[in-house]
Amino acid sequence: ATRQLRVVGSVGRTGWPDTLYSAKAVPVNEGGRPSSGRHEVMALINRDAFGRMVQDALSHLYDHSYLQTHPLANLFAIDSATETHGHGLHRILLEAIQQIAPPPATPFHSPVWRKHRYLILRYLEDRTATEVTEDLAISERQSRRYHHVAIEALNSILWDRLQNASLPLPSTVL
């Protein structure tokens, strides 16, 4: 069984395949109005689709205008009074990458540090996969392994953050 996350709010983005989301109707009362009193869209996002969205957001980490309209920006509770959705999503991604960092006592040459270093080089320093492989002095195959494991860890951190958060409805839906 695939784990799924229930999200309340307006989700969707032009250019994203419809297969990322499966929408379901909100229950209605006898008068035909939504029982919650709001016109909400309930969407189920599976872990694979969520992972693809994270990967896409990472590949545009410094493009705040792209992140502004990214589906992940609608999922995270970003206080629009203090920052834009694009800046907020950028900050959330950076915080998640920092959470992957091993404890300071961990030897710098350890595989755990290499996974974290891979994310830093690839996304924060915007280097190509080949440049990262050369900088870490590892094989291309090992580089792909580190990348996969690091992205999975990042997805897990962000997924847990969403599941544990109290997600208010975006103001456009209320």
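One can find the structure itself at the top, above this paragraph.
So, how was this worked out
- Residues numbered from 1 in each chain as written.
- Predicted model: local features only at pLDDT ≥ 70, side-chain atom pairs only at ≥ 80, totals over all residues.
- Heavy atoms only, no water.
- Helix = DSSP H or I, 4+ residues; strand = E, 2+ residues; numbered from the N terminus.
- Buried < 20%, exposed > 50% of the residue type's maximum accessible area, 1.4 Å probe, protein only.
- Contact = heavy atoms within 4.5 Å.
- Phe/Tyr/Trp six-rings, centres within 6.5 Å; stacked < 30°, edge-to-face > 60°.

## A look at the environment of Leu94
- In this fold, Leu94 is placed in helix α4 (residues 85-99).
- For Leu94, a relative accessible area of 28% puts it in the partly exposed group.
- Non-local contacts of Leu94, meaning those with residues more than four positions away in its chain, are made with Leu61 and Leu124.

## Description of the packing of aromatic side chains
- What the rule picks out here adds up to two aromatic pairs.
- Between the aromatic rings of Phe50 and Trp159, the centroid separation amounts to 5.2 Å while the plane-to-plane angle is 75 degrees, which identifies the pairing as edge-to-face. Residue Phe50 is located in helix α1 (residues 47-59), and its partner Trp159 is located in helix α7 (residues 140-164); the two are separated by 109 residues in the primary sequence. Of the two residues, Phe50 and Trp159, neither departs from the other in class, the shared state being buried.

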